[in-house]
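Working through the structure, step by step
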Amino acid sequence: MAHEVEQPTYEVVGPLDRFDERDTVFAREAYLPGTPEEIEYHARHPELLEIDRRLARFIQQKIDNPPEVPQDPLNEAFYQTTFGSVAPLAQPDAVDGPVDSYKVKVDPETMSRRIKVMARRLGAYLVRIGPLNPAWVYTHRGIRPFFDGYRANPPLFTGVPEGYQGLKYGDPIEIDHQYAISMAFPQDLSLVRTGPSLMNDFETGRVYAISALAAVQLGKYIRALGYPARAHHLRNYGVLAVPVAVDAGLGEIARCGYALTKELGANFRLVCVTTDLPLAVDRPVDLGVQDYCEKCLKCADNCPPRAIPSGDRVVVRGVKRWNVDAEKCLLYWGSQGAACGICQVVCPWSKPRTLFHRFVAEIATRVPQSRRLLTKADDWVYGATYKPRPAPDWARLGQAPP
Ligand code: SF4
Ligand code: SF4
């Protein structure tokens, strides 16, 4: 396939250290002061105490002062609709489970083709298969699983139910599968463009939900063929989805921290299934993203809290790449009361999939000399500065007039 290369375009400059999910900002924002997890974590990381208190403030405020009357009840209910629906798919018996005793004989090439067809039938727009690098497996469980006792927004931990057999917070994660099937699900740009907003939350959660279901279904399909498989999605990741997708050739790691694809830019959500089903692997790709991001700073310039670096790549756990300040990003989301998504929208690669935009993406990948001009052209045509669009009419239907 065009653009395929032997090695991913991120630069490995040292040993690849595995990441602890307890160190992600989404785990740390839930360290409410005085909880056993918080005390244990900050005994190990006193340097993070102050920033984590700020991260936890948004959850703490909702506990201390739950809003009695929502400001926008019709649209605030979106969160439960989309993100809340994913909770049952996080259960251990959804992401993993018993493997059928009858093992179907498979040919790796044929099986890869079938898995890709299946993934597309389940809703994936892009699907690629790569080897699973053990360095991308989290060392420990950090995000708590969701159970019936949760109040889903924010995700408050209310205890482990009787009989629960899955991984709990702090448990080591071991996944030794050979392959990872990465799937990308596009978001509706017209909704993401309203962000930070409840509409962007709706679209993000909607796509996370359908992609989580597809990953769970694909995992179940593979186990029914007699091979181990584990789904990884929003509510239950065991691996770092971005480098896993990059290794499979879905795209390249970009300045904004997402995997940038030729087809969808950065405007999609990622899930994957790891497995030992014999499969033929795809190769990584070089789309010219490293060079393009050197010349284009649009996401960095438009990021309200300046979480995206304007400067050079740095070494992060053995990989040289742009390092997004996830703390600044999440603090900004908290201050807005909704997810942002501006970097996904402004990226020149995130465009509707029209013939014209596909042609421009083709030029960007194949003609390095065109890239500086294309970044300028994107500013001229779409504007250099992000302006949110109003919510669509249907999102205002039924609301009281102002
Ligand atoms: S989501 Fe918003 S705040 Fe976060 S990195 Fe992107 S532009 Fe910046
Ligand atoms: S906006 Fe520009 S710099 Fe940022 S990820 Fe997209 S191409 Fe790279």
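In the block above lies the structure referred to throughout.
Examining the packing of aromatic side chains
Throughout the structure, instances matching the rule amount to eleven aromatic pairs. Where Tyr 31 meets Tyr 169, the ring centres are 6.1 Å apart and the plane angle is 80 degrees; that geometry is what we call edge-to-face. Of this pair, Tyr 31 sits in the loop between α1 (25-28) and α2 (36-44) while Tyr 169 is found in the loop between β2 (126-131) and β3 (179-186), placing the two residues 138 residues apart along the sequence. Accessibility expressed as a relative area gives 1% for Tyr 31, which makes it buried. Seen from their ring centres, Phe 78 and Phe 202 are 4.7 Å apart, and the 45 degrees between their planes marks the pair as tilted. Within this pair, whereas Phe 78 is found in helix α5 (residues 78-86), its partner Phe 202 is found in helix α9 (residues 198-224), the two being separated by 124 residues in sequence.

Focus: the site of ligand 1
Around ligand 1 sit Cys 303, Pro 305, Ile 308, Cys 329, Tyr 332, Trp 333, Cys 340, Gly 341, Ile 342 and Cys 343, and that is every residue in its neighbourhood. Elements represented by at least two residues in the shell around ligand 1 include exactly α13 (326-336) and α14 (342-346). Tallying contributions element by element places α13 first for the shell around ligand 1, with three residues. Across the shell around ligand 1, the residue classes break down as nine nonpolar, one polar and no charged.

Digging into the packing of helix α3 (residues 49-64) against α13
Contact geometry for α3 and α13: axes closest at 9 Å, N-to-C directions at 30 degrees. Judged by the angle between their axes, α3 and α13 are roughly parallel. α3 and α13 meet at a crossing whose hand is left-handed. For the pair formed by α3 and α13, the contact residues are Ile 51, Arg 54, Leu 55 and Phe 58 on the first element and Glu 327, Leu 330, Leu 331, Gly 334 and Ser 335 on the second.

Considerations on the sheet that holds strand β1 (residues 11-12)
Ordered in space as β1-β9-β8, the three strands form an open sheet in which the pairing is antiparallel. The sheet is open, and its two edges are formed by β1 and β8 (314-316), each paired on a single side.

Description of the site of ligand 2
All residues adjacent to ligand 2 are Ala 254, Arg 255, Cys 256, Tyr 292, Cys 293, Cys 296, Lys 298, Cys 299, Cys 347, Pro 348 and Trp 349. For the shell around ligand 2, the secondary-structure elements that each account for two or more residues are α11 (289-295) and α12 (298-302).

Structural notes on the environment of Ala 280
If you trace the backbone, Ala 280 turns up in the loop between β7 (268-275) and α11. On the basis of relative accessibility, which here comes to 18%, the residue Ala 280 falls in the buried class. Along the chain, Ala 280 and Ser 112 lie 168 residues apart, while their C-alpha atoms are 5.9 Å from each other. Once you skip the residues sitting within four places of it in the chain, Ala 280 turns out to touch Pro 108, Glu 109, Ser 112 and Ile 129.

Here we look at α9
The end-to-end C-alpha distance of α9 is 39 Å, a good match for the 39 Å that 27 residues give at a rise of 1.5 Å each. With 20 of 27 residues buried, α9 lies mostly within the body of the structure. Trailing α9 by a residue or two, Gly 226 shows a phi angle of about 100 degrees, which is positive.

Concerning α3
Helix geometry: α3 is bent most strongly at Arg 57, by close to 40 degrees. Elements in contact with the buried residues of α3: α1, α2 and α13.

Structural notes on the nonpolar core
Counting 62 residues, the largest nonpolar core has Ile 115, Ile 181, Met 183 and Ile 222 as the members making the most contacts within it. It is α9 that contributes the most residues to this core, ten residues altogether. Here Ile 115 is in contact with Ile 129, Ile 181, Leu 218, Tyr 221, Ile 222, Leu 277 and Leu 279, once residues within four sequence places are set aside. Within the second largest apolar cluster, 28 residues are counted, among which are Val 289, Ala 300, Ala 364 and Leu 374.

Here's the deal with the pairing of β3
Of all eight residues in β3, seven are buried; the element is thus mostly enclosed. Note that β2 and β3 share six bridges and pair antiparallel. In the strand pairing of β3, Arg 128 is matched with Ser 182.

So, the sheet that holds β3
On the basis of which strands lie adjacent, the open sheet formed by four strands has the order β2-β3-β7-β4 and antiparallel pairing. A strand with exactly one partner marks an edge of an open sheet, and here the two such strands are β2 and β4 (229-232). Strand-to-strand twist in this sheet, taken as the mean axis angle between neighbours without regard to direction, amounts to 20 degrees. The strands touched by α9 within the sheet are β3, β4 and β7, with β7 carrying the most contacts at an inclination of about 15 degrees.

Calculation notes
Residues numbered from 1 in each chain as written. Chains lettered and ligands numbered in written order. Predicted model: local features only at pLDDT ≥ 70, side-chain atom pairs only at ≥ 80, totals over all residues. Heavy atoms only, no water. Phe/Tyr/Trp six-rings, centres within 6.5 Å; stacked < 30°, edge-to-face > 60°. Helix = DSSP H or I, 4+ residues; strand = E, 2+ residues; numbered from the N terminus. Buried < 20%, exposed > 50% of the residue type's maximum accessible area, 1.4 Å probe, protein only. Near = heavy atom within 4 Å. Nonpolar A, V, L, I, M, F, W, Y, C, P; charged D, E, K, R; others polar. Axes fitted to C-alpha atoms, helices over the stretch in contact; angles between N-to-C directions. Parallel < 35°, antiparallel > 145°, perpendicular 65-115°, else oblique. Left-handed = near helix turned anticlockwise from the far one by under 90°. Contact = heavy atoms within 4.5 Å. Pairing = 2+ DSSP bridges. Expected span 1.5 Å × (residues − 1). Bend = angle between axes of the 7 residues up to and from the residue. Core = buried A, V, L, I, M, F, W, Y, C linked by side-chain atoms within 4.5 Å.

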